[in-house]
Amino acid sequence: MKIEFDSTRCRQCHSCEIACSFHLYGSYAPSQAAIQILEPLLIEEDPIFSFLSEKCDMCVDVEKAQCVKYCPFGALRQVNVNE
């Protein structure tokens, strides 16, 4: 599995980071999330960029990755890499 990110749909609400940090650590701490939404001023190629760190476990213990589930704008999508 992998997470695909559509920067044109992202509104930088950071719901994905909040959901991820709660799933991993039981606290609402976006700075601890495995996914990070980087602000437009930090990179030049794309106005918004998503980064998954090595601590991302793809939420294997639940049906759907929590970042994908709680993104209200559909900017994240969980896909099977075998497809």
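Residues numbered from 1 in each chain as written. Predicted model: local features only at pLDDT ≥ 70, side-chain atom pairs only at ≥ 80, totals over all residues. Heavy atoms only, no water.

Draft legend 1. Broad picture of the overall build of the protein chain. When its secondary structure is counted, the protein chain shows 2 helices and 4 strands. Secondary structure elements in the protein chain, listed N-terminal to C-terminal, are β-α-β-β-α-β. Excluding contacts between residues fewer than 6 apart, the proportion of contacts in the protein chain whose partners are at least 24 apart in sequence is 53%. Total accessible area on the protein chain is roughly 5400 Å²; 53% of this is exposed by carbon and sulfur atoms. (Helix = DSSP H or I, 4+ residues; strand = E, 2+ residues; numbered from the N terminus. Contact = heavy atoms within 4.5 Å. Areas by Shrake-Rupley, 256 points an atom, 1.4 Å probe, with all protein chains shown as cover.)

Draft legend 2. Examining unusual backbone geometry more closely. In this structure, Gln12 is a non-glycine residue whose phi angle is positive, near 55 degrees. Residue position: Gln12 is located in the loop between β1 (2-5) and α1 (15-25). Taking relative accessible area as the criterion, Gln12 reaches 24% and is therefore assigned partly exposed. Even without being a glycine, Cys59 presents a positive backbone phi close to 50 degrees. If you trace the backbone, Cys59 turns up in the loop between β3 (49-52) and α2 (66-69). (Buried < 20%, exposed > 50% of the residue type's maximum accessible area, 1.4 Å probe, protein only.)

Draft legend 3. A look at the environment of Ala34. The residue Ala34 is located in the loop between α1 and β2 (35-38) in this model. The class for Ala34 is buried, based on a relative accessible area of 0%. In sequence terms Ala34 and Phe51 are 17 residues apart; their C-alpha atoms lie 8.0 Å from each other. Excluding its chain neighbours within four sequence positions, the residues that come into contact with Ala34 are Cys20, Leu24, Phe51, Leu52, Ser53, Lys55 and Cys56.

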